Amino acid sequence: MTASHSETAVFDLLDRGIQQFIWQQNWHELRDIQGQAIPLILKADRDVILAAPTAAGKTEAAFFPALSHLCQSPTPRLIVYISPLKALINDQFGRLEILCEQLDIPVWPWHGDISASRKQKFLAHPAGVLLITPEALEAMMCGRGSAVAKIFANTAYFVVDELHAFIGNPRGKQLQSLLHRIERAMGRQVPRIGLSATMGDMRLAAEFIRPGQGEAGQEAGQEAGQEAGQEANQGGRVALLTSKSDQTDLKIAIKGFLKPTPPPVPPSKDKNAEEEEPDQIIARQIAAHLFQTLRGHHNLVFPNARREVERYTLLLNDLCDSLGIAKEFWPHHGNLAKEIRTDTEIALKQSDRAATAICTNTLELGLDIGRVRAIAQVGVPPGVASLRQRLGRSGRRGEAAILYGYAIEEALDAEASLATLLRLGTVQMTAMVLLLIEKWVEPPRASNLHLSTLVQQILSVIAQYGGTTARQLFSLLCAAPAPFHAVSQAVFMNLLRQLGEQELITQDPSGLLLLGEKGEKMVNHYTFYAAFTSEEEFRVISGGKNLGSLPISQMVTVDQLIIFAGKTWRVDEIDDSHKALYVSPARGAMPPIFNGAGCRVHTRVRQKMRQLLEGDDVPSFLDPTARRFLAEAREAYRRGGLADKIILDQGREMMILTWLSDDANEAILCLLAASGVKAALAGPFVAVQKSPDLNEEGLRRRLRALAAAPLPPIPQLLAPAKNLLREKWDWALSRDALQASYASQFLDLTEAHGWLKSQTAFLGNSG
DNA sequence: GACCTGCTGCGGGTTG
């Protein structure tokens, strides 16, 4: 009774036009997160994070009260909604326009595909709802710097959608900087509303949406947020609202597959009679199982790589062909043409015909594709957070969410590596599923200095104001609580000098910083607006139709056969000057190669793997083959006595069994390298090369010495490291700054040093 | 040993 009473009270807070809209939609009650958010957002006096799964009504939870605020304001006001995807802006525009038309509030989509004339109309009357990308906002800051204060003068709210997709990466840092610069230009703070998936530590989201206020806000809130009996945190500067309706049942099955061993010598030199590779044979077996399991429903298959998306789409549709049934498997990844991707999205939305998408994480974010019956994960997922997002797509109308995992292992022959003996793929996938069940997910990395993005923002601020002093620049971008407050004045001044040397900036006699010759050129090109890098690519064209693109770095020759968009093609012509690849349909081909760096595994995952290897419990979701893999792994672990070992002799190399994150392992690797020891990353381990000067006892001594000594300064630590360029503006940094930036992004020195110190007792005993 | 995202202003031509 109290609940419905308070819900009525909340409903009454909304503007009359919005109430009517809700009646027209035949919605009988407000969703949990909406009830929580409406009174808080209406007041427009604080920042709010709304955390709920996809399709829990987050957008309405933000827009109902924000639009009510607009309706009740006597003067024209503006909501600035920021989305990481153009497709999401188009989705939201369609939905909001229906509501806003009734309220007489204009809605303005603004991104690269929107015509200049439409943008001009908004600029003439900047009020209503602006739907924009960070890059388009960046373009506004550089290109219309003097008008920024006027354009945003009436802003009542910033709404950031898919907040979790921004945290910890260059684009997120850019967004924080843009919001901060707009507020500084206006001379006041604007309430920020963040819409996010539920994350392990929501304080990181609060700290992201309002740097310097998020963490403190949470602590203050823990005392005050009790009254409503919800997870709401209403006492701090940033309010955290979490949806309670995040409870879906889970059904999980992990199936093991053994990869065949290739014959040592090819039986025949005849190309036509060439044996299938092991990768293709195992894919064929898994495809047969996927076909049998998924057919006739709506599902998503995640095989982790675009190459595999192509391989599986073709295999599955060939199975449809051979049975004479209609194709029901559709490809979806970032290199496919928009039209092909849209076809897949439409197929998923149609409920009268079965459709399964074979996809990469393009289908992880909040695009409107409806719910599917099941998710198939082929191989180890890139992270627990990612696995959870993927699974969030499954579970229709209150049904359980279903996960089919496929774990692939190699034969245990005489040459089997430690990773094969320990069945690390199966163990990691199992560990990740167990952590998912425990509701743990990786926190985003918060220590990153983001010097590359700082370079972009320095150039952008100079363009915005037509010139600025070093002092003003530092105060705007780096003085707490500005987004780059981790950057010290000394590092900042060094950076400015370096940018001067690169002719990106220059200083006039009065001391004013201006764009240099090179800086001017770069800022005035449209590629400046994105904070992230992108590869050069060939467009792939067949019969005048654009199929998508392939990385230019891939060797392609005329007459080569390739798989693309789930079909097979012959390359007819390569046009280097127009970066185009002309293809026509053909039979029999190999999937193309795309580039990519590896993903970083968290310490918690590695600990869970070790726990699994040392335990006896067999998770019930493993099939007989996966159980056998786990048993073999445990047997190898016990036989090797790995529980009591830190260093394992592997003949030519020695494995340091850290079971730490990739970031901590890479830090140990750097510590060793700086002291002259050659080492490499090996999953949960660090592999050290043996030499006449370095045996196991020598390595123990080295590790003990590293534990006892203070951490060396970064320049010394990364002195032997080469090729540290990772982000867009890294080329413009000095060696020192580049090393600092790299270390802040990829190394966990604290954890590495802590581990070394904790192991000294064991390292002391020889043998 | 992975994946994803985004992008302006202007000049010149044509049409109503």
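A brief look at the structure comes next.

What counts, and where the lines are drawn
Residues numbered from 1 in each chain as written. Chains lettered and ligands numbered in written order. Predicted model: local features only at pLDDT ≥ 70, side-chain atom pairs only at ≥ 80, totals over all residues. Heavy atoms only, no water. Phe/Tyr/Trp six-rings, centres within 6.5 Å; stacked < 30°, edge-to-face > 60°. Helix = DSSP H or I, 4+ residues; strand = E, 2+ residues; numbered from the N terminus. Buried < 20%, exposed > 50% of the residue type's maximum accessible area, 1.4 Å probe, protein only. Lys NZ or Arg CZ within 6 Å of the ring centre and 35° of its normal. Near = heavy atom within 4 Å. Polar contact = N/O pair within 3.5 Å; in protein donor to acceptor, adjacent residues only side chain to side chain. Nonpolar A, V, L, I, M, F, W, Y, C, P; charged D, E, K, R; others polar. Pairing = 2+ DSSP bridges. Expected span 1.5 Å × (residues − 1). Bend = angle between axes of the 7 residues up to and from the residue. Contact = heavy atoms within 4.5 Å. Axes fitted to C-alpha atoms, helices over the stretch in contact; angles between N-to-C directions. Salt bridge = Lys/Arg side-chain N within 4 Å of Asp/Glu carboxyl O. Parallel < 35°, antiparallel > 145°, perpendicular 65-115°, else oblique. Left-handed = near helix turned anticlockwise from the far one by under 90°. Core = buried A, V, L, I, M, F, W, Y, C linked by side-chain atoms within 4.5 Å. Domains from an automatic or database assignment.

### Considerations on the packing of aromatic side chains
Logical step 1: For the structure shown, the criterion picks out 16 aromatic pairs.
Logical step 2: A ring pair is formed by W110 and F122, whose centres lie 6.0 Å apart and whose planes are at 85°; its orientation type is edge-to-face. A residue pair is termed long-range when its members are at least 10 positions apart, and W110 in strand β3 (residues 107–110) and F122 in helix α6 (residues 116–124) qualify at twelve residues. Here W110 and F122 have matching classes, each one buried.
Logical step 3: Three or more aromatic residues link up through ring pairs in this structure, and these residues are F528, Y529, W729 and W731.
Logical step 4: Seen from the ring of F484, K173 lies directly overhead, with NZ or CZ sitting 5.8 Å from the centre.

### Points about the protein's contact with DNA strand B
Logical step 1: Around DNA strand B sit 35 residues, and of these K86, G334, Y526, A597 and C599 come closest.
Logical step 2: For DNA strand B, the fraction of protein-proximal atoms (within 4 Å) that sit in sugar or phosphate groups is 58%.
Logical step 3: One of the backbone N or O atoms of G112 is found 3.0 Å from a phosphate oxygen in DNA strand B.
Logical step 4: One of the side-chain N or O atoms of T133 is found 2.8 Å from a phosphate oxygen in DNA strand B.
Logical step 5: The element that contributes the greatest number of residues to the surface near DNA strand B is helix α7 (residues 134–143), accounting for three residues.
Logical step 6: When the residues that make up the surface near DNA strand B are grouped by side-chain class, the tally is 13 nonpolar, 14 polar and eight charged.

### Section: the pairing of strand β17 (residues 545–551)
Logical step 1: The buried fraction of β17 is high, at five of seven residues.
Logical step 2: Counted along the chain from strand β16 (residues 537–542) to the antiparallel partner β17, the turn is two residues long, and its residue G543 has a positive phi close to 55°.

### Notes on helix α28 (residues 749–764)
The periodicity of an α-helix, 3.6 residues per turn, causes residues three or four positions apart to be oriented the same way.
Logical step 1: With 16 residues, α28 ought to run about 22 Å at 1.5 Å a step, and its terminal C-alpha atoms sit 22 Å apart, in line with that.
Logical step 2: The sharpest bend along α28 comes to roughly 40°, located at S758.
Logical step 3: Packing partners of the buried residues in α28 comprise β22 (653–656), α24 (662–674), α25 (696–708) and α26 (714–717).
Logical step 4: At the N-terminal end of α28, a side-chain oxygen is found 3.0 Å from the backbone nitrogen of E751, two or three residues along, and the residue is D748.

### Looking at helix α9 (residues 170–186)
Logical step 1: For α9, built from 17 residues, the straight-helix expectation of 24 Å at 1.5 Å per residue is met to within 8% by its first-to-last C-alpha distance of 24 Å.
Logical step 2: Along α9, 15 of the 17 residues are buried, which leaves the element largely enclosed by surrounding structure.
Logical step 3: Immediately beyond the C-terminal end of α9, within one or two residues, lies G187, with a positive phi of roughly 80°.

### Description of the sheet that holds strand β23 (residues 679–682)
Logical step 1: Here we have four strands laid out as an open sheet, ordered β21-β22-β24-β23, and antiparallel in their pairing. Both outer strands of the open sheet, β21 (647–649) and β23, are each paired with one neighbouring strand and no more. When strand polarity is set aside, the average angle formed by the axes of neighbouring strands in this sheet is 25°.
Logical step 2: Relative to β22, β21 is paired through three bridges, and the arrangement is antiparallel. Opposite D649, over in β22, you have M654 as the bridge partner.

### Some remarks on the sheet that holds β17
Working definition: the strands of a sheet are paired by backbone hydrogen bonds and lie parallel or antiparallel to each other.
Logical step 1: Spatial ordering of the open sheet is given by β17-β16-β20-β19-β18, a layout of five strands whose pairing is mixed. In this open sheet, the two strands that pair with only one neighbour each are β17 and β18 (561–564). For this sheet the average axis-to-axis angle between neighbouring strands, irrespective of direction, equals 40°.
Logical step 2: Sheet analysis places β16 next to strand β20 (residues 580–585), joined by three bridges and oriented parallel. Bridge pairing in β20 links R539 to A580.

### Considering the pattern of salt bridges
Logical step 1: With the rule as written, the count across this model stands at 31 salt bridges.
Logical step 2: Across the salt bridge formed by R171 and E135, the nearest N and O atoms sit 2.9 Å from each other. Here E135 lies in helix α7 and R171 lies in helix α9, a separation of 36 residues in the sequence. With respect to class, R171 is no different from E135; both count as buried.
Logical step 3: Overlapping salt bridges, with partners in common, bring together D47, E183, R192, R210 and R237 in one network.

### Regarding the packing of helix α18 (residues 451–465) against helix α19 (residues 470–477)
Logical step 1: Put simply, α18 and α19 touch, their axes get as near as 11 Å, and they point 120° apart. When the axis of α18 is compared with that of α19, the two are oblique. Crossing hand, α18 versus α19: right-handed. Contacts from L454, Q457, I458, V461, I462 and Y465 in α18 reach L473, L476 and L477 in α19.
Logical step 2: Broken down by class, the residue content of the contact of α18 with α19 amounts to eight nonpolar, one polar and no charged.

### Some remarks on the nonpolar core
Logical step 1: Judged by nonpolar contacts, the single largest core of 64 residues is most densely connected at L454, I458 and L672.
Logical step 2: Top element by residues in this core is α18. It accounts for eight residues.
Logical step 3: Inspection of this core shows a minimum of three residues originating in each of domain 3 (451–529) and domain 5 (645–763).
Logical step 4: When near neighbours in sequence (up to four residues on either side) are disregarded, L454 contacts L477, C478, F484, V487, F492 and L495.
Logical step 5: In this structure, F302, C359, L435 and V441 belong to the second largest nonpolar core, which totals 48 residues.

As far as function goes, none of this settles anything; it's purely spatial.
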